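Architecture and fold: a report
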Amino acid sequence: MKHKYELKDFLNVALFVVLYYVSFFVAMCAGYIPVLMTVLPLITGIVCGIPFMLFLTKIKKPGMILMMGLLCGLLSLTMGSGILPLVTAIIASFLAEVILSALHYTSTIKIILVYVIFTLWDIGFALRLYLASFDSYRKRLIEQYGEAYVSEMLTNVSSVGFWGSIILTLVGGVLGGILGYAVFKKHFQKIGKKA
């Protein structure tokens, strides 16, 4: 792999951030139904698997997953999600980048593992909900969404718990990774022969 970035590398990242984040945003809209808030990590993991796996077929240089995660985190921050999704996006992207550089494209499981690790950035959104037990954060949520929605949402989310959210994120990542890999299997086989 060459390590010098060209304009097309940045354009590739920008294009896939748009594809990924639009998919992510559409999946997150299911959260407007309070009962579905508990399974959002599962939904987003499945829905975003295809654009992320396509992105993996286009990666030519190290650091591109980290750029994607940073941009997704910054988009979330500018859309009012707070700092936690940005922090978790940077951590998850970095870990996915390390795994990809160490394992390359040597097997299906390793490729899917990169996506599963990347999906952990979604935990930043779940952390916000568990912080809602603090009055100041809860008041802000109520101002944005209303008392009835926030109460029902927090009741549903607390039934799953934080660890349940992590498990749902991992399961969504596995299912989305399998789906994305299945769609782009031929591309990954070509990459594997070159690596």
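Use the structure listed above.
Residues numbered from 1 in each chain as written. Predicted model: local features only at pLDDT ≥ 70, side-chain atom pairs only at ≥ 80, totals over all residues. Heavy atoms only, no water.

**A word on the overall build of the protein chain**
Check the secondary structure of the protein chain and you find 10 helices and 0 strands. Sequence-ordered secondary structure for the protein chain, helices as α and strands as β, is α-α-α-α-α-α-α-α-α-α. Across its three principal directions, the C-alpha atoms of the protein chain cover 55 × 30 × 25 Å. When each of the 195 residues of the protein chain is scored for burial, the buried share is 46%. In the protein chain, the share of contacts with a sequence separation of at least 24, taken over all contacts with a separation of at least 6, comes to 79%. Counting only carbon and sulfur atoms, one obtains 72% of the accessible surface of the protein chain, whose full area is about 10,000 Å². Positive and negative side-chain charges in the protein chain, numbering 16 and 8 respectively, have mean positions lying 19 Å apart. (Helix = DSSP H or I, 4+ residues; strand = E, 2+ residues; numbered from the N terminus. Buried < 20%, exposed > 50% of the residue type's maximum accessible area, 1.4 Å probe, protein only. Contact = heavy atoms within 4.5 Å. Areas by Shrake-Rupley, 256 points an atom, 1.4 Å probe, with all protein chains shown as cover. Lys, Arg positive; Asp, Glu negative; His and termini not counted. Charge placed at Lys NZ, Arg CZ, Asp CG, Glu CD.)

**Re a nonpolar patch on the surface**
Residues Leu66, Leu70, Leu71, Leu74, Leu77, Ile83, Val87, Ile90, Ile91, Phe94, Leu95 and Val98 make up a contiguous nonpolar surface patch of roughly 940 Å² in combined accessible area. Elements that contribute at least two residues to the nonpolar patch include exactly helix H4 (64–78) and helix H5 (84–103). For Leu77, the location among the structural elements is in helix H4. (Patch = residues over 30% accessible without salt bridge, like charges linked within 9 Å, V, L, I, M, F, W, Y side chains within 5 Å. Salt bridge = Lys/Arg side-chain N within 4 Å of Asp/Glu carboxyl O.)

**Topic: the nonpolar core**
Counting residues in hydrophobic clusters, the biggest one holds 33 residues, and the most contacted among them are Tyr20, Phe52, Phe55, Leu56, Ile65, Met68 and Trp121. Put simply, the parts of the chain that give this core at least two residues each are helix H1 (7–28), helix H3 (49–58), H4, H5 and helix H6 (108–119). A per-element tally of this core places H6 first, with 7 residues. Not counting residues within four places of it along the chain, the set of residues in contact with Phe55 comprises Val13, Phe16, Met64, Ile65 and Met68. With 10 residues, the next largest nonpolar core counts Met37, Tyr137, Tyr149 and Leu154 among its residues. (Core = buried A, V, L, I, M, F, W, Y, C linked by side-chain atoms within 4.5 Å.)

**Describing the pattern of salt bridges**
For the coordinates displayed, the defined rule picks out 1 salt bridge. With a closest N to O distance of 2.6 Å, Lys61 and Asp9 form a salt bridge. Residue Lys61 is found in the loop between H3 and H4, and its partner Asp9 is found in helix H1; the two are separated by 52 residues along the sequence. Residue Lys61 is classed as buried on the basis of its relative accessible area of 3%. The buried category is assigned to Asp9, whose relative accessible area is 2%.

**Focus on H4**
Spanning 15 residues, H4 covers 21 Å between terminal C-alpha atoms, matching the ideal 21 Å at 1.5 Å per step. Residues of H4 that are buried: Met64, Ile65, Met67, Met68, Gly69, Cys72, Gly73 and Ser76. On its buried face, H4 is in contact with H1, H3, H5, H6 and helix H7 (123–130). One or two residues past the end of H4 sits Gly80, with phi positive at roughly 95°. (Expected span 1.5 Å × (residues − 1).)

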